[in-house]
Amino acid sequence: MDTDAETAARRLAFQKGYSQEHGSWKHRSLIEDAKFDTVTNAEFEKLEKPDDDKKIIENTVPLSFIVTLFDISHVWRILSEIEKLSQVRLEHIESRSNNKKDRKADVFFGMVCTEGHSDSIIKLINSLPEICKLKIIEDDGPDKHIYKDIWIPTHISDLDKCNHLLTKYDPDLDFNHPGFSDKVYRNRRQHIADLAFNYKHGEIIPDVEYSENENRTWFHVYSMLKKLYPTHACKQFNRAFAKLEAEKVYSQTEVPQLRKVSEFLQRLSGFQLRPVAGLLSARDFLASLAFRVFQCTQYVRHHSAPEHTVEPDCVHELLGHVPMLADPYFAEFSQEIGLASLGASDEDIEKFATLYWFTVEFGLCKEKGEIRAYGAGLLSAFGELEHALSDVPERRPFDPDTTSIQPYQDQDYQPLYFVAESFETMMEKLRQYSSQIKRPYEVRYDPYTQSVKLLNNSEAISETVQSMKADLTHLQHAIRRIHSISIA
Ligand SMILES: [Fe+2]
């Protein structure tokens, strides 16, 4: 993601071209999407900033600082001063409004300079009359990715821009797709994809009138899996699944409408669905989770192969993901992965995509001494659900440090699954892991404004502390009331 729309458009065009040239990347999982982003972003950077154009400086050390300018337009003065210096090469610049009513702005400068020149450069910049304040940022050594140009959505409506479908797996692009030679199916897919492409935040999700074939496919998968759930799915899944049926959101005979399912989820855990036309880039997909938004396909797999799908479809999403997203604790876990991914480097996005794969998609957990499934890839696939709980695969305890770099399998059943002791411990481990990720800020989700706040200055931190104080006071009062009732 980029700081300006033009660069984003150029990057997207480059990635599309790269994708067409490298056909092996057509069929991908979220992890492969993240790897694809890493490779193409590096190639794109080379293309946009050829080494020849860079100032050659020897014996460099990183130097970065934030200046508060009286007026954002003064940034040009600073840039022209930096340009004059032969011992400096500017690598990154980023501005933020100072949150005041005047035109003051904080501007971050990330650069490298010749060793021994940092002090004189800082002195020079600080002496410029346009500068109101200068703050040096501690050297983060080789972790240059913190300087990287990464745009993040800060309001839920920004997800309208998180729709980079680089990896759309069209039935008409691959002759191995079961719908490749079925013109009616391909037209149907196009129609449903258009609904997602045209969707904007705040609109009602359009209903789809599912055909007899589509409802029959749903019936087939639903009835087979329902028999396995009581013995194979975790209690959180079974509880939500029973509720979905009791409230008639789910029935065996008809593919549920995303609109109704989204309303159900919002009541239970605050999650909502957003229609999507296919596999999103890993960064965009994970970013949506930060806002408790699950990007959900609306099309149904081809009826000739109801038990197998070469790509995520709404049967997978509705049977596998939705019941788990209705559980408040699991919803929080999913949102935590999303929040941790915001502003992360491409390498870390790959690791978060891998964590997502081995938890949200293929996770197992312990329940009263038994192993149960909570991963959507298992709970929506009869064969792999039985395989995962059999004696065949290897099982290891969930540990983000090792899970995040574990090679995965997307062509066959997984040979290895990770088991969580409980959702509580899984969440704790994830938080611990995320706190070590290098990024320039912490983030916090504000549910009242449906926005992400960057905790990168004392003002933002003090606002957060204030809102937490109110919560803690209510908790104290509640405990006191319970205590006084039990004494009486
Ligand atoms: Fe999935």
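Residues numbered from 1 in each chain as written. Predicted model: local features only at pLDDT ≥ 70, side-chain atom pairs only at ≥ 80, totals over all residues. Heavy atoms only, no water.

Enquirer: Before we move on, could you go through the sheet that holds strand 8 (residues 370-373) and cite the residues and values that matter?
Expert: Note: strands within a sheet are paired through backbone hydrogen bonds, in either parallel or antiparallel orientation. Spatially, 8-7-10-9 is the arrangement adopted by the four strands of the open sheet, whose pairing is mixed. Each of the sheet's edge strands pairs with one partner strand only, and the pair in question is strand 8 and strand 9 (394-397). On average, each strand axis in the sheet is inclined to that of its neighbour by 40°, with strand direction left out of account. Here two bridges tie strand 7 (residues 364-367) to strand 10 (residues 416-420), and the two strands are oriented parallel to one another. Along strand 10, the bridge assignment pairs cysteine 365 with alanine 420. (Pairing = 2+ DSSP bridges. Helix = DSSP H or I, 4+ residues; strand = E, 2+ residues; numbered from the N terminus. Axes fitted to C-alpha atoms, helices over the stretch in contact; angles between N-to-C directions.)

Enquirer: Residues and numbers for the pairing of strand 1 (residues 60-69), please.
Expert: Taken together, the ten bridges between strand 1 and strand 3 (residues 105-114) define a ladder with antiparallel strand orientation. If you follow valine 61 over to strand 3, its bridge partner there is cysteine 113. With six bridges joining them, strand 1 and strand 4 (residues 131-137) adopt antiparallel strand pairing. In the sheet register, valine 67 faces strand 4, and the bridge partner there is leucine 134.

Enquirer: Summarise the packing of helix 12 (residues 346-361) against helix 16 (residues 423-435); cite the residues concerned and give the values.
Expert: Where helix 12 meets helix 16, the axes come as close as 13 Å, and the angle between the chain directions of the two elements is 170°. Of the possible angle classes, the one that applies to helix 12 and helix 16 is roughly antiparallel. Residue-level inspection shows Lys351, Phe352, Leu355 and Thr359 of helix 12 in contact with helix 16, the latter providing Met426, Leu430, Tyr433 and Ser434. Of the residues that constitute the contact of helix 12 with helix 16, the class distribution is five nonpolar, two polar and one charged. (Parallel < 35°, antiparallel > 145°, perpendicular 65-115°, else oblique. Contact = heavy atoms within 4.5 Å. Nonpolar A, V, L, I, M, F, W, Y, C, P; charged D, E, K, R; others polar.)

Nothing here speaks to function; it is geometry throughout.
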